[in-house]
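# Coordinates in review
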Amino acid sequence: MKIIAWLILIFLVLFALRMINLRNARARRNAARDAAAKPAAEPMVRCVRCGVYLPRTEAREISSGYACAVGGCNANG
Ligand SMILES: [Zn+2]
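These numbers come from a predicted model, not from an experiment. (Residues numbered from 1 in each chain as written. Predicted model: local features only at pLDDT ≥ 70, side-chain atom pairs only at ≥ 80, totals over all residues. Heavy atoms only, no water.)

## Examining the overall build of the protein
Helix and strand counts for the protein come out as one helix and four strands. The order of helices and strands in the protein, counted from the N terminus, is α-β-β-β-β. Of the contacts formed within the protein by residues at least 6 apart in sequence, a portion of 9% connects residues at least 24 apart. Surface summary for the protein: the accessible area is close to 6,500 Å², and the carbon and sulfur share equals 64%. (Helix = DSSP H or I, 4+ residues; strand = E, 2+ residues; numbered from the N terminus. Contact = heavy atoms within 4.5 Å. Areas by Shrake-Rupley, 256 points an atom, 1.4 Å probe, with all protein chains shown as cover.)

## Overview of the pattern of salt bridges
Counted according to the given criterion, the structure contains one salt bridge. Between Arg56 and Glu61 there is a salt bridge, with its nearest N and O atoms 3.6 Å apart. For Arg56, a relative accessible area of 27% gives the class partly exposed. (Salt bridge = Lys/Arg side-chain N within 4 Å of Asp/Glu carboxyl O. Buried < 20%, exposed > 50% of the residue type's maximum accessible area, 1.4 Å probe, protein only.)

## Some details on the packing of aromatic side chains
Under the definition given, this model contains one aromatic pair. Taken together, a centroid distance of 6.3 Å and an interplanar angle of 20° make the contact between Phe11 and Phe15 stacked. One end of the pair, Phe11, and the other, Phe15, are both in helix 1 (residues 2–37), four residues apart, so they sit about a helical turn from each other. Of the residues examined, Phe15 reaches a relative accessible area of 44% and is grouped as partly exposed. (Phe/Tyr/Trp six-rings, centres within 6.5 Å; stacked < 30°, edge-to-face > 60°.)

## Side note on the pairing of strand 3 (residues 59–62)
Taken together, the four bridges between strand 3 and strand 4 (residues 65–68) define a ladder with antiparallel strand orientation. Residue pairing across strands places Ile62 opposite Gly65, the latter belonging to strand 4. Hairpin connection, strand 3 to strand 4: the antiparallel pair is bridged by two residues. (Pairing = 2+ DSSP bridges.)

## Some points on a nonpolar patch on the surface
A contiguous nonpolar surface patch, about 1,100 Å² in accessible area, is contributed by Met1, Ile3, Ile4, Leu7, Ile8, Phe11, Leu12, Phe15, Met19 and Leu22. Of note, Met1 is situated in the segment before helix 1. (Patch = residues over 30% accessible without salt bridge, like charges linked within 9 Å, V, L, I, M, F, W, Y side chains within 5 Å.)

## Details of the confidence of the model for the protein
Across the protein, the average pLDDT comes to 85, with 90% of residues at or above 70. Taken element by element, the predicted model of the protein shows its lowest mean pLDDT in strand 2 (residues 53–55) (88) and its highest in strand 1 (residues 44–46) (91). (pLDDT = per-residue confidence, 0-100.)

Structure (structure tokens):
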């Protein structure tokens, strides 16, 4: 009868280790994804229409400089 208790204990330990490994792997993946999604230094530009500073990736290049790619000042032009 005691052998069954040992088997259950071993199973639980292996299960716990497996859960820890899965969580660590997921955390590493998330960290890598966040680092890829957020570049360290994104250049900021100023919208020539409304004067707002915004990341270069969210701006639109126009003849006189940069403008908001989204938002109210993008409506006419
Ligand atoms: Zn703007």
